[in-house]
Amino acid sequence: MNTRSEIEQKILNSYSKLRQEHERNANLAIERARRHPEFDKLYTEIKDYEYKIGECEANGGDSAPLKTMLTKLRTRLKQTIKKLGLNESDFTPKVNCPKCKDTGFIGHTQCSCFRSKVNEELVKSSGLEAAKLNTFNDFNENVSDSIEHREVLKKLKSQLMIFTDKFPDTKVCNVLLSGPTGVGKTFALECTTSEILKKGYTANFLTAFQLNNQFIKYHGCFDANKQSYLNICLDPDLLVIDDLGTEPMFNNVTKEYLYLVISERMLKHKFTLISTNLTPSNILDRYGERIFSRLFDKSKSILIRIDGSDLRRLKRS
């Protein structure tokens, strides 16, 4: 799994290459157009006047007459371009995102297009693809053969849709889905993640095993990359942990860093969705009082219990 900083740098490099390509295409279009003597004459005059205006203003002179002439030349150039059957837009570097001009940033703020690409790469790095994530449109509670299970799934869908609709303006930081294998927990997490990504927020989907691996890398790292292993868990607006309780327990690692991640995210009012086969008492026994108290803080957490048939078994039958 790539670190977030590696993912961001990779995307910034792709933006740079894209801008260079568009600038090269625009320059090639201008070079081709300058083969027409009329275009070349006007284009050269315009560049001369742009230089004269800059020089005039730098020396404190009156550039108004020069600007008037420049406007006339630009009008004549547009007429010439049309007469020659050329496309004026080809002479300006194209941009895929008009907000950030394909830089990834608006001032010092990340553009939504950049955040979206980071989201997609984060999800891919977790073995998933945003385009292949299940959505609430795929959520069909009638897949169960049990009336009780169908009602539970219907309520679950409603609760998670309310959560995503309000996101991030909700007091709830932690949502725990608890229940046996195959009742729809992971499917529900994917639907929720998909909706959050559509809203333009960052999300990372990790199995408990993958999360534990990040903790191990962080614990054993002593170079400049150390913090990046935790930032994958700390940075996203939404962190999804699937199958908590299936990861191996390592002394001075698993519980310590899980507590750190959950506490830091709650402190910054970031959101964590967790699925687990464990009951609350199992979580208390396995992870201890500190983690239990964070996950079951009634002012900031909700527990949704899902009981029912193994849906994967039903699909195979």
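Preceding this paragraph is the structure being described.
Everything numeric here is computed off the predicted structure, so don't read it as measured data. (Residues numbered from 1 in each chain as written. Predicted model: local features only at pLDDT ≥ 70, side-chain atom pairs only at ≥ 80, totals over all residues. Heavy atoms only, no water.)

S.K.: Looking at this model, I keep getting lost on the overall build of the chain. Mind explaining?
M.R.: Along the backbone of the chain there are 12 helices and 7 strands. The C-alpha radius of gyration of the chain comes to 28 Å, more than 25% above the 20 Å expected for a compact globule of 317 residues. For the C-alpha atoms alone, the extent of the chain along its principal axes is close to 80 × 50 × 30 Å. Looking at the 317 residues of the chain, the share that counts as buried comes to 42%. Sequence separation of 24 or more characterises 77% of the internal contacts of the chain that already satisfy a separation of 6 or more. Total accessible area on the chain is roughly 17300 Å²; 50% of this is exposed by carbon and sulfur atoms. Considering the chain, the positive charge centre built from 50 side chains and the negative charge centre built from 41 side chains are found 2 Å apart. (Helix = DSSP H or I, 4+ residues; strand = E, 2+ residues; numbered from the N terminus. Rg over C-alpha atoms; globule rule 2.2 N^0.38 Å. Buried < 20%, exposed > 50% of the residue type's maximum accessible area, 1.4 Å probe, protein only. Contact = heavy atoms within 4.5 Å. Areas by Shrake-Rupley, 256 points an atom, 1.4 Å probe, with all protein chains shown as cover. Lys, Arg positive; Asp, Glu negative; His and termini not counted. Charge placed at Lys NZ, Arg CZ, Asp CG, Glu CD.)

S.K.: What exactly am I supposed to notice about the packing of helix α2 (residues 37-58) against helix α3 (residues 64-83) here?
M.R.: Interhelical geometry of α2 versus α3 gives an angle of 160 degrees and a closest axis separation of 9 Å. One element, α2, and the other, α3, form an angle in the roughly antiparallel class. The interaxial crossing formed by α2 with α3 has left-handed handedness. Facing Glu38, Phe39, Leu42, Tyr43, Glu45, Ile46, Tyr49, Glu50, Lys52, Ile53, Cys56 and Glu57 of α2, the residues of α3 in contact are Leu66, Lys67, Met69, Leu70, Leu73, Arg74, Arg76, Leu77, Thr80, Ile81 and Lys83. A per-class count over the contact of α2 with α3 returns 13 nonpolar, 1 polar and 9 charged. (Axes fitted to C-alpha atoms, helices over the stretch in contact; angles between N-to-C directions. Parallel < 35°, antiparallel > 145°, perpendicular 65-115°, else oblique. Left-handed = near helix turned anticlockwise from the far one by under 90°. Nonpolar A, V, L, I, M, F, W, Y, C, P; charged D, E, K, R; others polar.)

S.K.: Please clarify how the pattern of salt bridges should be interpreted in this entry.
M.R.: Between side chains of opposite charge, a pair can form when the charged atoms approach closely. Under the criterion given, the structure shown has 9 salt bridges. Note that Glu38 is salt-bridged to Lys83, the shortest N-O span being 2.9 Å. Highlighted residues: Glu38 in helix α2 and Lys83 in helix α3, separated in sequence by 45 residues. Accessibility expressed as a relative area gives 37% for Glu38, which makes it partly exposed. Glu50 is the partner of Arg74 in a salt bridge, and the nearest nitrogen-oxygen pair spans 2.8 Å. Residue Arg74 is found in helix α3, and its partner Glu50 is found in helix α2; the two are separated by 24 residues along the sequence. Residue classification places Glu50 among the partly exposed positions, given a relative accessible area of 30%. (Salt bridge = Lys/Arg side-chain N within 4 Å of Asp/Glu carboxyl O.)

S.K.: Is there a simple way to think about the pairing of strand β4 (residues 203-207) in this case?
M.R.: The two faces of a sheet get side chains in turn, since along a regular strand they alternate between them. With 4 of its 5 residues buried, β4 lies for the most part within the structure. The pairing of β4 with strand β5 (residues 238-244) spans 5 bridges and is classified as parallel. Paired with Leu206 across the two strands is Ile241, which belongs to β5. (Pairing = 2+ DSSP bridges.)

S.K.: Looking at this structure, I do not really get the packing of aromatic side chains. What am I missing?
M.R.: Aromatic ring pairs: the centre-centre distance and the angle between the two ring planes describe each pair. Under the counting rule described, the total for this entry stands at 13 aromatic pairs. An angle of 65 degrees between the planes, with centres 5.7 Å apart, marks the rings of Phe139 and Phe187 as edge-to-face. One end of the pair, Phe139, is in the loop between α4 (112-125) and α5 (147-166); the other, Phe187, is in helix α6 (residues 185-198), with 48 residues separating them in the sequence. For Phe187, a relative accessible area of 25% gives the class partly exposed. Ring centres 4.6 Å apart and planes at 55 degrees place the aromatic pair Phe167 and Phe271 in the tilted group. Of the two residues, Phe167 is situated in the loop between α5 and β3 (174-178) and Phe271 in strand β6 (residues 271-276); the sequence distance between them amounts to 104 residues. Classification of Phe167 by relative accessible area gives buried; the value is 3%. Through a chain of ring-to-ring contacts, the aromatic side chains of Phe163, Phe167, Tyr201 and Phe271 assemble into a single cluster. Here the basic side chain of Lys52 rests over the ring of Tyr49, its NZ or CZ set 4.9 Å away from the ring centre. (Phe/Tyr/Trp six-rings, centres within 6.5 Å; stacked < 30°, edge-to-face > 60°. Lys NZ or Arg CZ within 6 Å of the ring centre and 35° of its normal.)

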